[in-house]
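Fold and contact review
As a plain string of letters, each chain reads:
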Amino acid sequence: MNKELDQLAADNIRALAVAMVEKANSGHPGGPMGGADYMHILYSEFFNYDPSDMKWPFRDRFFMDAGHLSTLMYAQYYLLGNYEKDDVANFRQWGSVTPGHPEVDVARGIENTSGPLGQGHTMGVGAAVAANFLKARFGDWMNHKIYGFISDGGVQEEISQGAGRIAGHLGLSNFIMFYDSNDVQLSSKTDEVTSENTAMKYEAWGWKVVTIDGHDHDQIRKALTDANAETEKPTLIIGQTIMGKGCVTADGTPYEGYTELHGKPIGDTGADYEKTLLNLGADVANPFDIYSKVEEYYEGIINKKKDEAQAKKREIDAWRSENAELSAKLDGFLEGKLPELDFSSVAQKEGQATRAASSNVLAYLAQNVENMIVSSADLSNSDKTDGFLKKTHILKKGDFSGAFLQAGVAELTMATMANGIALHGGVMAVVATFFVFSDYMKPAIRLSCIQELPVKFVWTHDAFRVGEDGPTHQPIEQEAQIRLLEKLKNHSHEQSFVALRPADSQETNVAWKMAMENQKTPTGLILSRQGIKDLPAKSGNRYQEALGAEKGGYLIQEVADPDVILIANGSEVATLVAATKLLEEKEGLKVNIASIPSEGIFRQQSEAYQEKVIPPNKPVFGLTAGLPVNLEGLAGANGKVFGLEHFGYSAPATVLNEKFGFTGDQVYQQVIDFLK
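These numbers were taken from a predicted model, which means no experiment stands behind them. (Residues numbered from 1 in each chain as written. Predicted model: local features only at pLDDT ≥ 70, side-chain atom pairs only at ≥ 80, totals over all residues. Heavy atoms only, no water.)

In this section: the overall build of the protein. Along the protein, the regular secondary structure elements total 25 helices and 16 strands. Principal axes of the C-alpha set define a box for the protein whose edges measure 90 × 60 × 45 Å. The buried share of the protein, taken over its 676 residues, is 61%. Long-range pairs, those at least 24 residues apart, make up 76% of the contacts in the protein between residues at least 6 apart in sequence. Counting 63 positive and 90 negative side-chain charges, the protein places the averaged centre of each group 5 Å from the other. (Helix = DSSP H or I, 4+ residues; strand = E, 2+ residues; numbered from the N terminus. Buried < 20%, exposed > 50% of the residue type's maximum accessible area, 1.4 Å probe, protein only. Contact = heavy atoms within 4.5 Å. Lys, Arg positive; Asp, Glu negative; His and termini not counted. Charge placed at Lys NZ, Arg CZ, Asp CG, Glu CD.)

Between helix 2 (residues 30–46) and helix 9 (residues 217–229), whose axes approach to 10 Å, the crossing angle comes to 50 degrees. In terms of orientation, helix 2 lies oblique with respect to helix 9. The chirality of how helix 2 crosses helix 9 is right-handed. Each of Asp37, Tyr38, Ile41, Leu42, Glu45 and Phe46 in helix 2 lies in contact with helix 9, whose residues at this interface are His217, Ile220, Arg221, Leu224, Thr225 and Asn228. By residue class, the composition of the contact of helix 2 with helix 9 is six nonpolar, three polar and three charged. (Axes fitted to C-alpha atoms, helices over the stretch in contact; angles between N-to-C directions. Parallel < 35°, antiparallel > 145°, perpendicular 65-115°, else oblique. Left-handed = near helix turned anticlockwise from the far one by under 90°. Nonpolar A, V, L, I, M, F, W, Y, C, P; charged D, E, K, R; others polar.)

What follows concerns the sheet that holds strand 14 (residues 591–595). Read across the sheet, five strands follow the order 12-14-13-15-16 without closing on themselves; strand pairing throughout is mixed. This sheet does not close on itself; its edge strands, each paired only once, are strand 12 (554–557) and strand 16 (640–642). This sheet shows a mean twist of 30 degrees between the axes of neighbouring strands, independent of strand direction. Of the pairings in the sheet, the one linking strand 13 (residues 564–568) to strand 14 comprises five bridges and is parallel in character. (Pairing = 2+ DSSP bridges.)

So, on to the pattern of salt bridges. The final tally for this structure, using the stated rule, is 35 salt bridges. Two residues, Asp462 and Arg501, come together in a salt bridge whose shortest N-O distance is 2.9 Å. You can see Asp462 sitting in the loop between strand 9 (456–460) and helix 17 (478–486) and its partner Arg501 sitting in the loop between strand 10 (498–500) and helix 18 (505–517), a full 39 residues away along the chain. Residue Asp462 shares its accessibility class with Arg501, and that shared class is buried. In this structure, Asp504 and Arg542 form a salt bridge, with 2.8 Å as the shortest nitrogen-oxygen distance. On the criterion of sequence distance, the pair formed by Asp504 in the loop between strand 10 and helix 18 and Arg542 in helix 19 (residues 542–546) is long-range, its members being 38 residues apart. Neither residue differs from the other here; Asp504 and Arg542 are each classed as buried. Three or more residues are tied together by salt bridges with common partners; here these are Asp6, Glu45, Asp218 and Arg221. (Salt bridge = Lys/Arg side-chain N within 4 Å of Asp/Glu carboxyl O.)

Our next topic: the packing of aromatic side chains. Under the defined criterion, the tally for this structure stands at 34 aromatic pairs. Centroid distance Tyr38 to Phe178: 3.9 Å. Interplanar angle 10 degrees. Geometry classified as stacked. In this pair, Tyr38 sits in helix 2 while Phe178 sits in strand 3 (residues 175–181), placing the two residues 140 residues apart along the sequence. The exposure classification of Tyr38 matches that of Phe178, with both residues buried. Through successive ring pairs, a cluster of aromatic residues spans Tyr38, Tyr43, Phe47, Tyr49, Phe62, Tyr77, Tyr147, Phe149 and Phe178. Over the aromatic face of Trp56 sits the side chain of Lys313, whose NZ or CZ is 5.3 Å from the ring centroid. Residue placement shows Lys551 over the ring face of Tyr609; its charged tip is 4.6 Å from the ring centre. (Phe/Tyr/Trp six-rings, centres within 6.5 Å; stacked < 30°, edge-to-face > 60°. Lys NZ or Arg CZ within 6 Å of the ring centre and 35° of its normal.)

Bringing the environment of Glu584 into the picture now. Summarising the element assignment, Glu584 is placed in helix 20 (residues 572–587). C-alpha separation for the pair Glu584 and His461, spaced 123 residues apart in sequence, amounts to 32 Å. Residues within four places of Glu584 in sequence aside, it is in contact with Gln557 and Leu589. Of note is the side chain of Glu584, whose polar atom sits 2.8 Å from the side chain of Gln557. (Polar contact = N/O pair within 3.5 Å; in protein donor to acceptor, adjacent residues only side chain to side chain.)

Below, the discussion takes up the sheet that holds strand 9. Taken in spatial order, the six strands make up an open sheet running 7-6-8-9-11-10, and their pairing is parallel. For this open sheet the edge positions go to strand 7 (404–406) and strand 10, each flanked by a neighbour on one side alone. Across this sheet, the average inter-strand angle for adjacent strands is 20 degrees, counted without regard to direction. The pairing of strand 10 with strand 11 (residues 523–526) spans three bridges and is classified as parallel. Paired with Leu500 across the bridge in strand 11 is Leu525. Most of the contacts of helix 17 go to strand 10, to which it runs at about 140 degrees, and overall it touches strand 9, strand 10 and strand 11.

A word on the nonpolar core. Membership of the largest hydrophobic core comes to 148 residues, with the highest contact counts inside it found for Leu365 and Trp512. If one sorts the elements of this core by residue count, helix 5 (residues 119–138) sits on top with nine residues. When residues no more than four places from it in sequence are discounted, the contact partners of Trp512 are Phe343, Ser358, Val361, Leu362, Leu365, Val430, Lys456, Val458 and Leu525. Met33, Val88, Tyr255 and Leu277 belong to the second largest nonpolar core, which has 68 residues in total. (Core = buried A, V, L, I, M, F, W, Y, C linked by side-chain atoms within 4.5 Å.)

What follows covers the packing of helix 11 (residues 292–322) against helix 12 (residues 324–334). Between two packed helices, the angle of one axis relative to the other and the distance separating the axes together describe the packing. At a minimum axis distance of 5 Å, the contact between helix 11 and helix 12 shows a crossing angle of 115 degrees. Along the contact surface, helix 11 presents Trp319, Arg320 and Glu322, while helix 12 presents Ala324, Leu326, Ser327, Leu330 and Asp331.

With that settled, the discussion passes to unusual backbone geometry. Positive phi is not limited to glycine here, since Glu452 has a value of about 60 degrees. As for its placement among the helices and strands, Glu452 is situated in the loop between helix 16 (442–451) and strand 9. Of note, the phi angle at His461 is positive, near 55 degrees, even though the residue is not glycine. Tracing the sequence through the fold places His461 in the loop between strand 9 and helix 17.

One can find Thr523 in strand 11. Separated by 2.9 Å, the side chains of Thr523 and Asn518 make a polar contact. Excluding anything up to four places from it in sequence, Thr523 contacts Val455, Lys456, Phe457, Phe497, Val498, Leu500, Ala515 and Asn518.

This part takes up the pairing of strand 3. With respect to burial, strand 3 is a largely interior element, seven of its seven residues being buried. Burial along strand 3 is two-sided: Phe175, Met177, Tyr179 and Ser181 facing one way and Ile176, Phe178 and Asp180 facing the other are all buried. Alignment of strand 2 (residues 146–151) against strand 3, held across six bridges, turns out to be parallel. By the bridge assignment, Gly148 is partnered in strand 3 with Met177. Pairing between strand 3 and strand 5 (residues 235–240): six bridges, direction parallel. Looking at strand 5, one finds that Phe178 is bridged to Ile237.

Attention now moves to helix 9. With 13 residues, helix 9 extends 18 Å between its outermost C-alpha atoms, agreeing within 8% with the 18 Å of an ideal straight helix rising 1.5 Å per residue. For helix 9, the secondary structure elements touched by its buried residues are helix 1 (3–24), helix 2, strand 2, strand 3, strand 4 (208–213) and strand 5. (Expected span 1.5 Å × (residues − 1).)

On any regular strand, side chains alternate: one points to one face of the sheet, the next to the other face. In terms of residue burial, strand 14 counts as a mostly covered element, since five of its five residues are buried. Every second residue of strand 14 is oriented toward a common face, with Val591, Ile593 and Ser595 on one face and Asn592 and Ala594 on the other, all of them buried. The handedness of the strand 13 to strand 14 crossover, carried by helix 20, is right-handed. (Right-handed = clockwise from strand over helix to strand, strands pointing away.)

So this is what it looks like as structure tokens:
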């Protein structure tokens, strides 16, 4: 502990943040200047990791919520050797590793992509759940901490309520969050938008809360020491800080705490850029230099971190030598290895809903996959994730031996926590709700796509056939929204999302097989509430034929030189089968039927295969319970898609099928009209 060096290091972080934003002419300098003291103390004295092994799975993790404070992270990690001088000098530029908001880059210390406020710390809560889940299975030696950093905006985002409630309810004492409370927002002061007592709010959720001067290093130390010793509750450290700490005007007068310091370069405010750098001890001609005394100080810190990590690794090695079987299991979890799974062995009843088929698969997975957490937004008995729950028990404070997370009515929180579970590693995450409520989850789904996380989303009650619940509960446009993500590439140039709407029970088995084997991107299973007649099996083995779904689309009925191709997914495929029987009997038509559970995967197949399933020179009729656009790209310019272009109504599903034109007889007539 050296007060002079600690202050110099914090000021170095401030100067770097100011310089990065000034050179980029874009960014947020004021907040990083306020949070610099906390970051320096956290990383220099408390944060456990191995600088020579950044992906060490038993490291502490830092989850940033306030992604606009990216320069705070880049400056801190530059001092730790994770970034080069050119990296920080090229902040927000094309091709740089220092984007405007942090993007997952574990090798440099960035654990999560952040920017949409509220999601960063919620992912941290998910990571804390994953850490406790693993600790319950492998021992107390697995005692790494999850640190979060939140701002006024993140505290205000509604998702913070879900994250705060769940973290407190589960007693996540391994989660420690710093709240950078500076009373300043991007366009206003906080007292213009809120008068709540944040400390009391978190205490009511079951958190340990301490309020400190966020610039007093001794107070920061004590708060972090106490938080690390806490065994019952998550900790919120409310650090009262000053926006733009260290800013001065041209004559050296302090210029701190102003709203304008939040979101634009210092030189564009009442503060003076060069005088501020000088006030912070920087060389104006070389603003991206690490101060010589700070560089020497951090060399010692880095070496100490390496030594401490090696000591921890020796402890883990000793455990491994005494627990060879557990050790091998842990490695399998961390490597994402799946056990041998036989989805064809999952027995399914005739004519059941695909949500019920999914329930049977989940029951099988609960007995065969030991590192999976399933969660439902208070709908487990309706979305049928209770198939999993019946084979395990819920996670609760003091007991993480179960594998089911009761999230309560909090779809966005639940989905974001799943992202955090996936980011932590070693644990697979499945989350479920009604398909219409995927609307609440879209921000998390998007970040799941951007971060390339293999979260499994289960969405049931997939169409207007929800029936009596009416238009608020009947998804019409949701499938179109989700399928857009299949057309969007991630930064690895992969399809960013896989959406699967299986047509019957055996296709549901295959869809789950695809979801479990997809470790590159998120997967969504879109499942029916109502029973669906099983599709005919030409070979007598429906599962083997349903494996065609692995190509995104396949023919469930194929004849030579067909007169028309009928395409659909989900419930509507069985309707096409009923219509086809009439087309054959009454009109003598030759019909091919294609089930296309994922257009995105189908489009990845060879042109020859795609044209075999949907020949370009044949009339194509598509049937969808959602917007026609769901299938228009597949039907082509000369095809026709019958779907819905209006919201649903409250009535029994059978009545709605008839009123909306989705019976076999009606679809038969629609195809005839189309061919005419």
